[in-house]
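A closer look at the structure
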Amino acid sequence: MKSNEMPEIVRLELTNTCNLKCPHCRHHSEEKRLPENYPEYYKNKIFMSEEQIKKIFDEISPHKPSVTLNVANEPMISPSFKFAVKQIKKHDLSGTFNTNGLMLNEDMCKFLVEQEFESVNISVDAVTPETLKKARGITALDKLVRNVKRLVNARNEKKLPRVGVTFVVMPYNKNEINKFIDFWKDYADVIRFTGYITDKCPDISVLPDVEIEKIPPRIPCKQIYRDIVIRANGDITPCVITAESPDYISMGNIFEDGGIRKVWNGKIFQEWRNLHNQSKWDDISNCKGCDYWVDSLQPKEKETEEFLIRSPSPYTVFYNVKKRLDNWDSVNLIDRQGFGNNNFDLMEESATSEHI
């Protein structure tokens, strides 16, 4: 497997902080924010400047990557958020971001519609205030619902942005899955379910309904060949999983080491890719035991009367509402853990549950 000269997906962390302390968050929960647990990287707020953002887009724009405006953070609290959105549109790129939805006020919704921003995914995780408290540490479910509807209504007859809602499946909310689907299918364009990723190494065995014996033999993980994750300070982490790991690892810094191309094609990345191509991923401590490589398998797809359901792995399932598929650019837009055009010869079969 080979990487392109530049990454196909750019995940850009505009700030390293968040306005919530979600109990299941591996970064900013109350427990993780304790002085003895909070990594040094998060102890001081970092905001990427407009000058730095402009420099990034000037370098990546000729290669037309898909851009995700968040990593382990809430992107809309960044003072440079709107500037970053405008850079995406200025350079005719496709963009998406994930948000907790609290800042989707009238001004922000109007802005995203006017910019014709491609994709917004709102994390909800619940159908009751009590469950939302367990997932997000807040009970303001009515506010979240109202904000999502506000974005849909602001769009009016326009197609964009494509509006998605996300549900992280946990033991305390899995009984609400069907109600979540039944409610949001009337408002959202896509409903995304994701499995909880454990600290340090994703463990597929903790996901519901996964038959371990049906998982195919391991293959190289596409993330180190396709995605680049840029932290708010310019550091590059190997993949979206290590970016969200309590342990901090950097492959280089784009502001100090010559830009994105230099780091992306640098010695450390090449060493990791060579090891994966030789099936020696266990020689990399961060890759050993990590099950997120299953997201490199070919997506499975099925249709029901209401949904086009796509899943690349047991970690992610997308319920695309069929009557609102006209705003989905499946070639150019690559959502988080999602789909789009790629240049890899991946396995034809994937092991994924028929249901959550």
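As shown above, the structure is provided for reference.
Below or above, wherever it landed, is the structure these notes cover.

Rules of the game
Residues numbered from 1 in each chain as written. Predicted model: local features only at pLDDT ≥ 70, side-chain atom pairs only at ≥ 80, totals over all residues. Heavy atoms only, no water. Pairing = 2+ DSSP bridges. Helix = DSSP H or I, 4+ residues; strand = E, 2+ residues; numbered from the N terminus. Core = buried A, V, L, I, M, F, W, Y, C linked by side-chain atoms within 4.5 Å. Buried < 20%, exposed > 50% of the residue type's maximum accessible area, 1.4 Å probe, protein only. Contact = heavy atoms within 4.5 Å.

**Here we look at the sheet that holds strand S3 (residues 94–99)**
Read across the sheet, 11 strands follow the order S8-S7-S1-S2-S3-S4-S5-S6-S11-S10-S9 without closing on themselves; strand pairing throughout is mixed. Pairing within the sheet leaves two strands with one partner each, and these edge strands are strand S8 (236–237) and strand S9 (300–303). In this structure, strand S1 (residues 9–12) lies alongside strand S7 (residues 227–230), joined through four bridges in parallel fashion. By the bridge assignment for S7, Arg11 is matched with Val229.

**Points about the nonpolar core**
Counting residues in each nonpolar core, the largest one holds 72 residues, and the members touching the most others are Ile60, Leu69, Phe81, Leu112, Ile191, Phe193 and Ile230. What Phe81 contacts, discounting residues up to four positions off in sequence, is Leu14, Leu69, Pro75, Met76, Phe97, Met108 and Leu112. Among the nonpolar cores identified, the runner-up in size contains 16 residues, and Ile197, Leu207, Val210 and Tyr292 belong to it.

**A word on the environment of Leu20**
Here Leu20 is to be found in the loop between S1 and helix H1 (40–43). Measuring from C-alpha to C-alpha, the distance between Leu20 and Asn73 comes to 9.2 Å, with 53 residues separating the pair along the chain.

**Brief notes about unusual backbone geometry**
Residue Pro161 follows Leu160 across a cis peptide bond; omega there is 5°. For Pro161, the position within the fold is in the loop between helix H6 (141–155) and strand S5 (162–169). Even without a glycine there, the phi angle at Asp92 is positive, about 55°. Within the element layout of this structure, Asp92 appears in the loop between helix H3 (81–90) and S3. In the Ramachandran plot, Asn156 falls in the positive-phi region, its phi being about 55° despite a non-glycine side chain. For Asn156, the location among the structural elements is in the loop between H6 and S5.

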